[in-house]
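Below, each chain spelled out in residue letters.
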Amino acid sequence: MIEKLIEEAFLARECAYTPYSHFRVGAALLAENGTIYRGCNIENAAYTPSNCAERTAFFKAVSEGERSFRAIAIVGGKEDEESLDYCAPCGVCRQVMREFCPDDFRIILAKSATEYQVYTLKQLLPESFGPDNLK
Ligand code: THU
């Protein structure tokens, strides 16, 4: 399943809209029921309305009624570079994951279908603020 998710992230990356940074990111989000939601980064001439690939995937999924997630695969790098480095999610995207995902949600950073690192959300966002704090 990890390799399939990475493959989907690479397909998502093909849709990245990045005329300003030329940094293309793709994400594939695996829901608890097995559905995979793809997301890409979408930039904007006014810069701040830009959206990361990970949030695109989450917002697509949540807007379709999905609330439970198992893992996300992320691939990203400059458009002119042949080989990718690992692309970790930004702080804002980690916080969006925190809203919907458990501590053991898996975050897979991939360079290729066979070269990847797996982290938990808790590892990438320790001591966090989340929905429970408002109860
Ligand atoms: N970006 C993502 O989509 N995800 C990340 O994990 C890091 C950054 C995007 C935002 C912007 O379009 C471009 O990459 C450069 O920051």
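Our structure is the block above this text.
Attention in this report is confined to the structure presented alongside it. (Residues numbered from 1 in each chain as written. Predicted model: local features only at pLDDT ≥ 70, side-chain atom pairs only at ≥ 80, totals over all residues. Heavy atoms only, no water.)

1. Some points on the packing of helix α2 (residues 53–63) against helix α3 (residues 91–100)
Phase 1 of the analysis: Look at α2 against α3: their axes get within 9 Å of each other, and the N-to-C directions meet at 25°. The orientation of α2 with respect to α3, classified from their angle, is roughly parallel. Both α2 and α3 take part in a crossing whose hand is left-handed. Contact residues: E54, R55, F58, F59 and V62 in α2; V92, C93, V96, M97 and F100 in α3.
Phase 2 of the analysis: Broken down by class, the residue content of the contact of α2 with α3 amounts to eight nonpolar, no polar and two charged. (Axes fitted to C-alpha atoms, helices over the stretch in contact; angles between N-to-C directions. Helix = DSSP H or I, 4+ residues; strand = E, 2+ residues; numbered from the N terminus. Parallel < 35°, antiparallel > 145°, perpendicular 65-115°, else oblique. Left-handed = near helix turned anticlockwise from the far one by under 90°. Contact = heavy atoms within 4.5 Å. Nonpolar A, V, L, I, M, F, W, Y, C, P; charged D, E, K, R; others polar.)

2. A look at the site of the ligand
Phase 1 of the analysis: Around the ligand lies a shell formed by S21, F23, V25, N41, E43, C52, A53, E54, C87, A88, P89 and C90.
Phase 2 of the analysis: Within the side chain of N41, a nitrogen or oxygen atom sits 3.0 Å from an oxygen atom of the ligand.
Phase 3 of the analysis: For the ligand, an oxygen atom lies 3.2 Å from a polar atom in the backbone of A88.
Phase 4 of the analysis: Alone, the ligand offers 370 Å² of accessible surface; in the complex the protein occludes 76% of this.
Phase 5 of the analysis: Of all the elements in the fold, those that place two or more residues in the shell around the ligand are β1 (23–31) and α2.
Phase 6 of the analysis: Across the shell around the ligand, the residue classes tally to eight nonpolar, two polar and two charged. (Near = heavy atom within 4 Å. Polar contact = N/O pair within 3.5 Å; in protein donor to acceptor, adjacent residues only side chain to side chain. Areas by Shrake-Rupley, 256 points an atom, 1.4 Å probe, with all protein chains shown as cover.)

3. Section: the sheet that holds strand β4 (residues 106–110)
Phase 1 of the analysis: The mixed open sheet is built from five strands, whose spatial order is β2-β1-β3-β4-β5. In this open sheet, the two strands that pair with only one neighbour each are β2 (36–40) and β5 (116–120). The average angle at which neighbouring strand axes cross in this sheet is 20°, direction not considered.
Phase 2 of the analysis: Sheet analysis places β4 next to β5, joined by five bridges and oriented antiparallel. Bridge assignment links L109 to a residue of β5, and that residue is Q117.
Phase 3 of the analysis: The strands that α2 touches are β1, β2 and β3 (69–78); relative to β2, the one it contacts most, it runs at about 140°. (Pairing = 2+ DSSP bridges.)

4. Side note on α2
Phase 1 of the analysis: For α2, every residue scored as buried is listed here: A53, E54, R55, T56, A57, F58 and A61.
Phase 2 of the analysis: On its buried side, α2 packs onto β1, β2, β3 and α3.
Phase 3 of the analysis: Phi for G65, located one or two positions after α2, is positive at around 100°. (Buried < 20%, exposed > 50% of the residue type's maximum accessible area, 1.4 Å probe, protein only.)

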